Amino acid sequence: MKRAVVIGATGQIGRPAVAALARDGWRVTAASRGGGRDDGWPDGVRSVRLDREDDAALAAVVGDGCELVVDVVAYGARHARQLTDLSGRIGSAVVISTVSVYEDGEGRGFDTMDRPDGFPEYPVPIREDQPTVAPGDTSYSTGKAALERDLLAAGDRLPVTLLRAGAVHGPYSPLPRELYFVKRNLDGRRRRVLAFGGESRFHGAQVRNIAELVRLAAARPGSRVLNAVDPDAPTVAGIGAAVDAVMGVRTETVSFDGPPPGPAVGKSPWSAERPVVCDMSAAERELGYRPVVSSYAEGLPETVEWLAGRLAGGRDWREVFPLLAGVYPDLFDYAAEDAWLAARA
């Protein structure tokens, strides 16, 4: 029985990744800061505590060796070095990266989106050979680029599949974009405002589809970079309609062309001036990948149910999702939204 170590096992991607590997016959060690378990894991999954920043602790979890390490939380050159230093004891690795490493032909990427004329103009769809930002430590994107660079450079010692995930969605998210619609519906808001005509497209990545890519890459070790996104990329207005369908409500979408007039009106977690849509043909060709969740809407009910449960009892969304609140502090400024709607009327 082959042994796999999953780092970040109790996170949004780690939970289904552990389950997928266990179902595929792997003997899985699920490592996380808290050392917890998911109710859906088989009994054979071993849970351990791990401080990812402790080199000795990581080496101890790997032990005398394992055929696979899945790293869900790797970031930057330091974490790349942690893995490559253990290359003699690891057969191969699958590491989660991000589509935010891409830049367009003018040097614009995710880090320039909020600057005047800074929104990237990507090809549709984006393939893995699209240029990427310079590696560094100045942002999330540059840190992930540094991680990719150093791991790929060590491919002769440690075969690594890098999965560039899109807008990850599913239960257990620390940054659940769907909350933009779910909370409004729970609060009885029957009108929502969307910039860019409601046509923004930011390609999603359902966690069970990412887990399937992990499973397939584990069975076919190699050094490669692959996109990890859903079969479809609905518009933000389409996502809102899908959430409404799951929750059984009817709403009105008020959209307008152009960017949000301020941080509290029309700015959703999908707001994008131009589409960010990725190509999945490389994964299909190299791994024989077929999505296990065939559309964004198919995976949505479990996300909506989880979000509604997290907000039950009138809990403050900022306390439940502090990361989301830090990125989008004005996400539910209803007073500003109502004032804009009144002025528009």
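Check the entry above for the structure.
Residues numbered from 1 in each chain as written. Predicted model: local features only at pLDDT ≥ 70, side-chain atom pairs only at ≥ 80, totals over all residues. Heavy atoms only, no water.

The subject of this paragraph is the overall build of the protein. Summing up its helical and strand segments, the protein has 12 helices and 11 strands in all. Taken against the 2.2 N^0.38 rule, which gives 20 Å for 345 residues, the C-alpha radius of gyration of the protein at 20 Å falls within 12% of a compact globule. Partitioning the contacts of the protein with sequence separation of at least 6, the portion at a separation of at least 24 is 76%. Accessible area for the protein stands at about 14,700 Å²; split by element, carbon and sulfur atoms hold 48% of it. The centroid of the 41 positive side-chain charges in the protein is displaced by 4 Å from the centroid of its 47 negative side-chain charges. (Helix = DSSP H or I, 4+ residues; strand = E, 2+ residues; numbered from the N terminus. Rg over C-alpha atoms; globule rule 2.2 N^0.38 Å. Contact = heavy atoms within 4.5 Å. Areas by Shrake-Rupley, 256 points an atom, 1.4 Å probe, with all protein chains shown as cover. Lys, Arg positive; Asp, Glu negative; His and termini not counted. Charge placed at Lys NZ, Arg CZ, Asp CG, Glu CD.)

Helices that pack against each other are described as a pair by the angle of their axes relative to one another and the distance between those axes. Between helix α1 (residues 14-23) and helix α6 (residues 207-219), the least distance of the axes is 8 Å, while the angle of their chain directions is 45°. Here α1 lies oblique to α6, going by the angle between them. As for the relative orientation of α1 and α6, their crossing is right-handed in sense. Of the residues in α6, those touching α1 at P16, A17, A20 and L21 are V207, R208, A211, V214, R215 and A218. The residue makeup of the contact of α1 with α6, split by class, is 8 nonpolar, no polar and 2 charged. (Axes fitted to C-alpha atoms, helices over the stretch in contact; angles between N-to-C directions. Parallel < 35°, antiparallel > 145°, perpendicular 65-115°, else oblique. Left-handed = near helix turned anticlockwise from the far one by under 90°. Nonpolar A, V, L, I, M, F, W, Y, C, P; charged D, E, K, R; others polar.)

Let us now look at the pattern of salt bridges. Scanning the entire structure with this criterion turns up 20 salt bridges. With its nearest N and O atoms 2.6 Å apart, the salt bridge here joins E148 to R164. Remark: R164 occurs in strand β6 (residues 160-165) and E148 occurs in helix α4 (residues 140-153); sequence separation between them is 16 residues. Put simply, D316 and R318 hold a salt bridge, and the shortest N to O gap is 3.1 Å. Classification of D316 by relative accessible area gives partly exposed; the value is 27%. Shared partners join several salt bridges into a network, and the residues in it are R184, R189, E337 and D338. (Salt bridge = Lys/Arg side-chain N within 4 Å of Asp/Glu carboxyl O. Buried < 20%, exposed > 50% of the residue type's maximum accessible area, 1.4 Å probe, protein only.)

Our focus in this paragraph is the side chain of R3. Within the element layout of this structure, R3 appears in strand β1 (residues 3-7). Despite its burial, R3 pairs with no opposite charge; the closest candidate is E67, at 7.1 Å N-O. Setting aside chain neighbours within four positions, we find R3 in contact with W26, R27, T29, R46, V61, V62, G65, C66, E67 and L68.

A separate point is unusual backbone geometry. For the peptide bond that leads from V124 to P125, omega is 0°, which places it in the cis range. Topologically, P125 is positioned in the loop between β5 (90-98) and α4. Phi is positive for Y172, which is not a glycine, with a value near 70°. With respect to the helices and strands, Y172 occurs in the loop between β7 (167-169) and α5 (179-186). In this structure, F196 is a non-glycine residue whose phi angle is positive, near 55°. Residue position: F196 is located in the loop between β8 (191-194) and β9 (204-206). Judged by relative accessible area, which is 17%, F196 ranks as buried.

Attention now goes to the packing of helix α3 (residues 76-85) against α4. Taken N-terminus to C-terminus, the directions of α3 and α4 make an angle of 30°; their axes are 7 Å apart at the nearest point. One way to sum up the angle between α3 and α4 is to call them roughly parallel. As for the relative orientation of α3 and α4, their crossing is right-handed in sense. Between α3 and α4, the residues in contact are G76, A77, H79, A80, L83 and T84 and G143, A146, L147, D150 and L151, respectively. Of the residues assigned to the contact of α3 with α4, the class counts are 6 nonpolar, 4 polar and 1 charged.

What follows deals with the sheet that holds strand β2 (residues 27-32). Strand order in this open sheet of 7 strands is β3-β2-β1-β4-β5-β6-β10, and the pairing throughout is parallel. Of all the strands in the sheet, the pair left with one neighbour each is β3 (46-49) and β10 (224-228). Averaged over neighbouring strand pairs, the angle between their axes works out to 20° when direction is ignored. For β5 and β6, the ladder comprises 6 bridges, and the chain directions are parallel. Paired with V94 across the bridge in β6 is T161. Sheet strands touched by α4: β5, β6 and β10. Its angle to β5, the strand with the most contacts, is close to 155°. (Pairing = 2+ DSSP bridges.)

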